[in-house]
Amino acid sequence: MSPTHDLDHPAATEHGAAEGGWLRPAVFGASDGLVSNTALVLGVAAGQAEPGMVLLAGVSGLLAGAFSMAAGEWVSVQAQREAHELEIQRERDHIERYPEEEAEHMRRILGAAGLPADVVARIVAELEGQPDRNLDFHARIELGIDPQALDSPWVAAVASFVAFAIGAIVPLVPWVLPAGAMAVPASMGLGVAALFGVGALLSRYTARTWWWSGLRQLLIGAAAAGVTAAIGALLGATAT
Ligand SMILES: [Zn+2]
């Protein structure tokens, strides 16, 4: 990625280490909470459940989903972190046992990146005798890992829990308020607006336009909710 590209897309600089790893789980958590609970609430409502039962199902869906997302994020980020720590440990061993081979390897990488030989020699000489900085440099250049900024599994877990809960609350709002017969259309309307909003927000981190991204998210969510509501209506009709 060229520096010009970064300037054209300021959002690109907000990625990665600087935000501590909460953004990705938060965005996907909010989207998941919204889609799954809109589908759940409309499915239960379509089965002719009492408003109190719809609310109970929605709150259970919120908690079950938020805990499940948080647990999944924790395991996934922790596993990735352990894999990175192992790679860094192996690199440390290599540098200790084969310092000259590692220096030569670094010279080749920097040379291949187009740096002049005298600059490469200065960088490698500068890092010699500074084991911590040397390892840090090797990790960044060879492994593409910043040892100072490994994602935290707890940050990812809390971010996805909170974001999922916020997304999942949206379709529940009409069932808490005395919306009566308006609860189903209100739930649908809130779900539709929020799905579009989340999709439009996602476009900040993709190459898509906001309206396309919003529309896509809306259609995917609506399809999930539509199928769930249809099955809920079928099961509700046979159960009564
Ligand atoms: Zn190395």
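Figured I'd write up the structure that's included with this text. (Residues numbered from 1 in each chain as written. Predicted model: local features only at pLDDT ≥ 70, side-chain atom pairs only at ≥ 80, totals over all residues. Heavy atoms only, no water.)

Moving on, we get to the pattern of salt bridges. Counted by the stated rule, this structure contains six salt bridges. Here E85 ties to R81 by a salt bridge, and the two come within 3.4 Å at their closest N and O atoms. Taken as a pair, E85 and R81 lie in helix α3 (residues 51-97) at a separation of four residues, close to a single helical turn. Residue R81 is classed as partly exposed on the basis of its relative accessible area of 25%. With its nearest N and O atoms 2.9 Å apart, the salt bridge here joins E104 to R107. Taken together, the residues E104 and R107, both in helix α4 (residues 99-112) and three residues apart, mark about one turn of the helix. You can call E104 partly exposed: its relative accessible area is 34%. By sharing partners, the salt bridges in this structure join E100, E104 and R107 into a single network. (Salt bridge = Lys/Arg side-chain N within 4 Å of Asp/Glu carboxyl O. Helix = DSSP H or I, 4+ residues; strand = E, 2+ residues; numbered from the N terminus. Buried < 20%, exposed > 50% of the residue type's maximum accessible area, 1.4 Å probe, protein only.)

So, on to the packing of aromatic side chains. Enumeration over the complete set of coordinates arrives at three aromatic pairs. For the pair W74 and W154, a centre-to-centre distance of 5.6 Å together with 65° between the ring planes defines the contact as edge-to-face. Of the two residues, W74 is situated in helix α3 and W154 in helix α7 (residues 153-169); the sequence distance between them amounts to 80 residues. On the accessibility criterion, W74 (29% relative accessible area) is partly exposed. When the centroid spacing of 6.1 Å and the interplanar angle of 90° are considered together, the rings of F196 and W210 count as edge-to-face. Note that F196 is positioned in helix α9 (residues 183-202) and W210 in helix α10 (residues 210-239), a separation of 14 residues in sequence. (Phe/Tyr/Trp six-rings, centres within 6.5 Å; stacked < 30°, edge-to-face > 60°.)

Glancing now at the coordination of the zinc ion. Coordination of the zinc ion by the protein involves E91 (OE), E102 (OE), H138 (ND1) and E142 (OE), with metal-donor separations of 1.8 to 2.2 Å. Around the zinc ion sit four donor atoms; with metal-centred angles ranging over 80 to 127°, the donor geometry is irregular. Coordination of the zinc ion draws on donor residues from a single chain, spaced E-x10-E-x35-H-x3-E in sequence. A residue pair is termed a helical-turn pair when its members lie 3 or 4 positions apart in one helix, as H138 and E142 do in helix α6 (residues 131-143) at four residues. Given a relative accessible area of 3%, H138 falls into the buried group. A relative accessible area of 23% places E142 in the partly exposed class. (Donors = N, O, S within 2.8 Å, 3.2 Å for Na, K, Ca; no water. Tetrahedral: all angles 85-135°; square planar, octahedral: opposite > 155°, others 65-115°.)

Counting 12 residues, the largest nonpolar core is built from V41, A45, V54, L62, A66, M69, F164, A165, A168, L172, W175 and A183. Among the elements that take part in this core, α3 stands out by supplying four residues, more than any other. Apart from residues no more than four positions distant in its own chain, L62 is found in contact with N37, F164, A165, A168, I169 and L172. (Core = buried A, V, L, I, M, F, W, Y, C linked by side-chain atoms within 4.5 Å. Contact = heavy atoms within 4.5 Å.)

Of note, the phi angle at Q48 is positive, near 65°, even though the residue is not glycine. Looking at the secondary structure, you find Q48 in the loop between α2 (23-46) and α3. Exposure remark for Q48: the relative accessible area of 63% places this residue in the exposed category.

The residue N37 is located in helix α2 in this model. Residue classification places N37 among the buried positions, given a relative accessible area of 1%. Beyond its immediate sequence surroundings of up to four residues, N37 is in contact with D32, G58, G61, L62, A168, P171 and L172.

Okay, the packing of α3 against α6 next. For the pair α3 and α6, the least separation of the axes is 10 Å and the interaxial angle reads 120°. Taken together, the axis directions place α3 and α6 in an arrangement best described as oblique. Considering how the two elements wind past one another, α3 and α6 form a crossing that is right-handed. In contact with E87, I88, E91, R92 and I95 of α3, α6 contributes N134, L135, H138, A139, E142 and L143. Of the residues contributing to the contact of α3 with α6, the split by class is five nonpolar, two polar and four charged. (Axes fitted to C-alpha atoms, helices over the stretch in contact; angles between N-to-C directions. Parallel < 35°, antiparallel > 145°, perpendicular 65-115°, else oblique. Left-handed = near helix turned anticlockwise from the far one by under 90°. Nonpolar A, V, L, I, M, F, W, Y, C, P; charged D, E, K, R; others polar.)

The end-to-end C-alpha separation of α6 is 17 Å, in line with the 18 Å expected for 13 residues at 1.5 Å each. Every buried residue of α6 is accounted for by N134, L135, D136, H138 and A139. Looking at the buried side of α6, the elements it contacts are α3, α4 and α5 (117-127). (Expected span 1.5 Å × (residues − 1).)

The quantities given are spatial measurements derived from coordinates; they are silent on function.
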